[in-house]
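This is what each chain is made of:
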Amino acid sequence: VLGTALLDMYVKCGTLRKAHEVLEQLPSRDVVSWNAIISGYTQHDRCLEALKCFDMMQTEGISPSSVTFICMLKVCGNTRAMETGKQIHEWIIRSGLLKKDIVLGNALVDMYAKCGALEEAQEVFEEVGVRTLVSWSSLMAGYACQGKSKSVFSLLDQMIIENLKPDKVIFLSVLSVCGHVGLVEEGHLYFEFMNEYYGIFPMNEHQNGMIDLLGRAGQLQEAVAMLETMPFQPDHVTWNSILGACQKWGDPNLAKHVFDHALGLDERRASLFIPMSNIYTDFCIYDDKTSAFISLSGGE
């Protein structure tokens, strides 16, 4: 017990090498000690090490618990290892855990959605006894990534019918899919809807979603107007989205305006010089500032 507590302490401090050393020195290892190290590797996106520990755990004859399965499903989703995820799904079914553990059901939906297997994600979503916002948002994010707007809107309608309050993550998926398929009017409506009806104040990510939507649709002036009035400091995602839209729609003058505005807020925004120089190259425009930077950074 003391050894497992020591291992858990090192994991929570992020010292995974020491945690693994403690694991190897334990006189006996149980599911709790294996879960501690696997959870640590999973949280730090060290997926290969988590998979190795999962295999070693089985070699020692230790049966996985719900915690083990949840960690491994996250690993499978992050690495798109759907075949391994399917094997774990079958194991969960044989164990009879799916109906008993809400978090485990959410993890399965999330794994399949991240792997792009939306039919399987939908099936699990319908099978689980109780659905939380996590399972709704995971499935909606999966549909949004593939531009399936009807499915996203249908799930949102279903949530409202079931008296579930959408959260900020749900609306990120809604705005994302509107951007993917160019639904500007719908995007505007949902952007206002989230604040007026649900009291969700738009975060930076929502603002970026709307700016990206407007930029993709060629409404550059509207996108820049939103950028200049947004209540948050624009980040690199915001600037790159605008500059990318200016390049796509052939407006170097507006790109220069955005570029100068960005530098006025922070002269150290080095990441903006490269997309701006690409725009100048496309339109055969020479600029001392950007060309000097690219020369210094080794660019062409």
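These numbers were taken from a predicted model, which means no experiment stands behind them.

Even after reading the chapter, I still don't get the layout of surface pockets, so can you show me in this structure?
Take a probe with the size of a water molecule and roll it over the atoms, and the empty space left behind shows itself. What the largest pocket holds in volume is close to 230 Å³. If you go around the largest pocket, the residues you meet are Leu172, Leu175, Ser176, Gly179, His180, Glu205, Asn208, Gly209, Asp212, Arg216, Val237 and Ser241. Grouping the constituent residues of the lining of the largest pocket by class yields three nonpolar, six polar and three charged.

Got a minute to help me understand the pattern of salt bridges in this structure?
It is possible for side chains of opposite charge to pair when their charged atoms get near one another. According to the stated counting rule, one finds nine salt bridges in the structure shown. Between Lys12 and Asp8 there is a salt bridge; the shortest N-O distance is 3.1 Å. Taken together, the residues Lys12 and Asp8, both in helix 1 (residues 2-12) and four residues apart, mark about one turn of the helix. In this structure Lys12 comes out as exposed when scored by relative accessible area, which is 67%. Residue classification places Asp8 among the partly exposed residues on the basis of a relative accessible area of 28%. The salt bridge involving Asp260 is made with Lys256; its shortest N-O contact spans 2.7 Å. Highlighted residues: Asp260 and Lys256, both in helix 16 (residues 252-265), separated by four residues, approximately one helical turn. Using a relative accessible area of 27% as the deciding quantity, one classes Lys256 as partly exposed.

Calculation criteria
- Residues numbered from 1 in each chain as written.
- Predicted model: local features only at pLDDT ≥ 70, side-chain atom pairs only at ≥ 80, totals over all residues.
- Heavy atoms only, no water.
- 1 Å grid on protein atoms, 1.4 Å probe; cavity = no way out; pocket = protein on both sides within 12 Å on 5 of 7 lines; lining within 4 Å.
- Points joined across faces, edges and corners; volume = space filled by probe spheres on them.
- Nonpolar A, V, L, I, M, F, W, Y, C, P; charged D, E, K, R; others polar.
- Salt bridge = Lys/Arg side-chain N within 4 Å of Asp/Glu carboxyl O.
- Helix = DSSP H or I, 4+ residues; strand = E, 2+ residues; numbered from the N terminus.
- Buried < 20%, exposed > 50% of the residue type's maximum accessible area, 1.4 Å probe, protein only.

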